[in-house]
Amino acid sequence: RDGGSKFWCSACSRIATYTWLRLRGDESSGCVLVLNTHLDHMSAEARALGARLIVQRVAELEERGPPVGPQCRHLGTIVTGDFNCFQREQDGRCGQVFGAFTGAGFEDACTSFWSKGEQGNVCPFSSFHDFRPSDALAQQGVPPHLEGRGIVHAHIDWILWRGPGLKLKDFKVVTEAPGSAGSPQDRVPPSDHFPVVARFELG
C-alpha cells in the first residue's frame, strides 16, 4: 500500500511486494500468493517486527482471496526475500524472524529439501558471499559443531511456503555467474548473494 516505510530503528526504508499468480487455464485452475521482501540489515527489532507484520498481511490477503474471485482456488503462499539474518541461533534455537513464519505454518525450502537427503546439487553454507564467491564455495555443508543442533545452513536468503496445493520438488543455490567467461573463481557475480531457486508442483 505504501512506497516503503522506516520504523523500529531501521537503517533504511523497507518494503514488501506481493502478487497473485494464476495457473494457465481457466479461472478455476488455482492461484498462488507470492510475496517478496527485504528486511533491515541493522535493526534486529525491525526485522522481527517486520516479519510479524508480513505474516499478518499475508493472512489478510489469504482471507480476502485472489482478485479474480473465489472461483480461483488458493493453492498456497510463497514468501521470498533477503531476510538479513540466519534462521537459527548458534545453539540451534529458532530466531525471532524465522519463528514468526514457522509459527504461522511456513516451511523453509532449503531445510525441507536437504532433510530428505536430496544432495545432488552444490549448497554452500552461506548464501551471502560479499562478492567473494570462491570463499563461500570453499565451505560446503554444515560445520560438524552446528549439525547436531538442527542447523542446516546459514542462508539469509529464504524461500518459505505454506499451503496444501504446493509440493516442494527441488531447491538449488545457483553458484555460477551467467554470461561470464573463465573459471567460476574468475567470474564476476551480478550480486553479492547467490540466487536461491525452488521448484514446486502445484495442484
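Residues numbered from 1 in each chain as written. Predicted model: local features only at pLDDT ≥ 70, side-chain atom pairs only at ≥ 80, totals over all residues. Heavy atoms only, no water.

Enquirer: Pulling in residues and values, what's your account of the overall build of the protein chain?
Expert: From N to C terminus, the protein chain includes five helices and seven strands. Start at the N end of the protein chain and walk to the C end: the helices and strands fall as β-β-α-β-α-β-α-α-α-β-β-β. When burial is assessed residue by residue, the protein chain has 41% of its 203 residues classed as buried. When contacts within the protein chain are restricted to residue pairs at least 6 apart in sequence, long-range pairs at least 24 apart make up 73% of them. Carbon and sulfur atoms make up 52% of the accessible area of the protein chain, which totals about 11,200 Å². (Helix = DSSP H or I, 4+ residues; strand = E, 2+ residues; numbered from the N terminus. Buried < 20%, exposed > 50% of the residue type's maximum accessible area, 1.4 Å probe, protein only. Contact = heavy atoms within 4.5 Å. Areas by Shrake-Rupley, 256 points an atom, 1.4 Å probe, with all protein chains shown as cover.)

Enquirer: Hey, could you go over the sheet that holds strand 5 (residues 157-162) for me, with residue numbers and the actual values?
Expert: Spatially, the five strands line up as an open sheet ordered 1-2-3-5-4, and their pairing is mixed. In this open sheet, the two edge strands, each paired with only one partner strand, are strand 1 (16-22) and strand 4 (107-108). Those strands touched by helix 1 (residues 44-64) are strand 1, strand 2 (31-38), strand 3 (74-82) and strand 5, and its axis lies near 160 degrees from that of strand 2. (Pairing = 2+ DSSP bridges. Axes fitted to C-alpha atoms, helices over the stretch in contact; angles between N-to-C directions.)

Enquirer: Can you tell me about the packing of aromatic side chains, naming the residues and giving the values?
Expert: Between two aromatic rings, the relevant description is the distance of the centres plus the angle of the planes. In the structure shown here, the tally under the stated rule is five aromatic pairs. Measuring from centroid to centroid gives 5.7 Å for Phe-83 and Phe-101, while their planes differ by 85 degrees, and the two rings are edge-to-face. Linking Phe-83 in the loop between strand 3 and helix 2 (96-102) with Phe-101 in helix 2, this pair joins segments that are 18 residues apart in sequence. For the pair Phe-83 and Phe-101, a shared accessibility class is recorded, and that class is buried. Judged by centre distance (4.2 Å) and plane angle (10 degrees), the ring pair of Phe-83 and Trp-158 falls under stacked. Here Phe-83, found in the loop between strand 3 and helix 2, pairs with Trp-158, found in strand 5; they are 75 residues apart in sequence, far enough to count as distant. Given the relative accessible area of 0%, Phe-83 is considered buried. In textbook terms, an aromatic cluster arises when at least three aromatic residues are bridged by ring pairs, as seen for Phe-83, Phe-98, Phe-101, Phe-106 and Trp-158. (Phe/Tyr/Trp six-rings, centres within 6.5 Å; stacked < 30°, edge-to-face > 60°.)

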